[in-house]
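What follows is the residue order along each chain.
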Amino acid sequence: GHRNKSDAPCVKERTLIAVKPDGVQRRLVGQIIHRFERRGFKLVGLKLLQVSKDLLSQHYCQLTKKPFYPDLVDYMTSGPVVAMVWEGPNIVQTSRMMVGHTNPSEAQTGTIRADFCFHVSRNVVHASDSTEGAQREIRLWFDGQDLLSWDCIDKSVTSEL
Ligand code: IDP
């Protein structure tokens with residue numbers, strides 16, 4: 001695997017990031033991708049799709065009994081979603097920090113949710129919340145053959161030391 005300058009192993013993780021239908025409708029896809037690119041993370045999968053109720057019930061399997069679940073289904077199936085897999089060291093935790101609190105009104109300024117929205121039911125973006133969750137979600141949303149491992153041409157200018 002990758003090693004950093006101190007020769008300590010550096011864990012390469014992948015996570016699922018999705019721009020939800022409100023983010024696509026509001027033309028925020030580019031700005032959201034920009035945040036992950038400028039952080040130095042690597043895009044390894046990307047697609048625009050209409051999410052099915054079946055995919056959603058598996059993706060949100062822990063939420064199907066919540067009172068807001070029917071509204072969440074309507075929201076998430078109201079238009080196209082941009083699903084992405086991003087890769088980088090500690091990306092699961094870092095991307096949660098970049099995305100911010102589930103409720104945008106509690107999100108730190110500078111996070112995607114604080115900067116682009118104000119209501120929990122229209123919070124623009126999804127990010128996996130654990131490494132196990134990320135692996136499960138990536139398998140659910142993507143065929144393995146649609147994820148590309150590619151080499152950075154100059155690792156000295158990115159975080160891939
Ligand atoms: P997360 O997206 O920050 O991981 P989860 O608790 O997994 O948060 O909730 C999934 C999604 O369900 C949220 O992003 C939000 O769109 C929606 N949601 C969560 N809690 C509420 C709520 O209390 N009312 C309405 N929608 C909610």
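Residue numbers run consecutively from 1 along every chain, following the written order of its sequence. Side-chain atom pairs in this predicted model are given and counted only at pLDDT of 80 or more, local residue features only at pLDDT of at least 70, and totals for whole chains, interfaces and linings cover all residues. Side-chain numbers here rest on the full set of heavy atoms in the structure, without hydrogens or water.

Moving on, we get to the sheet that holds strand E4 (residues 125–127). The strand order across the open sheet formed by 4 strands is E2-E3-E1-E4, and the pairing between neighbours is antiparallel. Either end of the sheet is taken by a strand with one partner, and the two such strands are strand E2 (42–49) and E4. Taking each pair of neighbouring strands and ignoring which way they run, the sheet shows an average axis angle of 20 degrees. Paired strands, in this sense, are two strands between which DSSP finds at least two bridges. Secondary structure is summarised from DSSP: a helix means a run of H or I of at least four residues, a strand means a run of E of at least two, and numbering begins at the N terminus for each. Relative to strand E3 (residues 81–89), E2 runs antiparallel, the two being bridged by 7 bridges. The partner of glycine 45 across the bridge, within E3, is valine 85. Note on contacts: a residue pair is in contact if any heavy atoms of the two residues lie within 4.5 Å. What counts as an axis is a line fitted to C-alpha atoms, over the stretch in contact for a helix, and the angles between N-to-C directions run from 0 to 180 degrees. Where helix H2 (residues 29–39) meets the sheet, its contacts fall on strand E1 (12–19), E2, E3 and E4, and the angle it forms with E3 comes to roughly 10 degrees.

With that settled, consider the UniProt feature "active site" (unreviewed entry) in the chain. UniProt positions are given in the numbering used here, feature names are shortened, and annotations may be inferred rather than shown by experiment. Mapped onto this numbering, the UniProt entry gives "active site" (unreviewed entry) at His126. Following the sequence through the fold, histidine 126 ends up in strand E4. Note on exposure labels: buried denotes an accessible area under 20% of the residue type's maximum, exposed denotes more than 50%, and partly exposed covers the range between, all computed with a 1.4 Å probe on protein chains only. Taking relative accessible area as the criterion, histidine 126 reaches 9% and is therefore assigned buried. Beyond its immediate chain neighbours, meaning those up to four positions away, histidine 126 contacts Leu16, Ile17, Ala18, Lys20, His59, Tyr60, Arg113 and Glu137.

Glancing now at the UniProt feature "domain: Nucleoside diphosphate kinase-like" (unreviewed entry) in the chain. Per the UniProt record, "domain: Nucleoside diphosphate kinase-like" (unreviewed entry) is annotated on residues 12–149. A helix fraction of 41% and a strand fraction of 20% characterise residues 12–149, whose end C-alpha atoms lie 12 Å from each other.

Turning next to the site of the ligand. Only a single heavy atom is needed: when it lies within 4 Å of a molecule or strand, its residue is near that molecule or strand. Lining the immediate environment of the ligand, one finds Lys20, Tyr60, Leu63, Phe68, Leu72, Arg96, Thr102, Arg113, Val120 and Asn123. Threonine 102 is positioned with one of its side-chain polar atoms (N or O) 2.4 Å from an oxygen atom of the ligand. Residue-level accessible areas treat just the shown protein chains as cover; the underlying method is Shrake-Rupley with a 1.4 Å probe. For the ligand, whose free accessible area comes to 530 Å², the fraction covered by protein is 76%. Along the lines of polarity and charge, the residues of the shell around the ligand split into 5 nonpolar, 2 polar and 3 charged. Here a polar contact means two N or O atoms within 3.5 Å. Within protein one must be a hydrogen donor candidate and the other an acceptor candidate, and residues neighboring in sequence count only if both atoms are side-chain atoms. Charged means Asp, Glu, Lys or Arg here, nonpolar means Ala, Val, Leu, Ile, Met, Phe, Trp, Tyr, Cys or Pro, and polar covers whatever is left, Gly included.

Nonpolar cores were defined as sets of buried Ala, Val, Leu, Ile, Met, Phe, Trp, Tyr and Cys residues, with membership established by side-chain atoms within 4.5 Å. Core analysis: the largest hydrophobic core is formed by 21 residues, its most contacted members being Ile32, Phe36 and Trp86. Taken together, the elements giving at least two residues each to this core come down to E1, H2, E3, helix H5 (91–99), helix H6 (112–116) and E4. Every residue in contact with isoleucine 32, bar those within four places of it in the chain, is listed here: Val19, Ile112, Val124 and Val125.

In this structure, valine 73 sits in helix H4 (residues 69–76). For the pair valine 73 and lysine 53, spaced 20 residues apart in the sequence, the C-alpha separation amounts to 6.7 Å. With sequence-adjacent residues up to four places away left out, valine 73 is seen in contact with Lys53 and Leu56.

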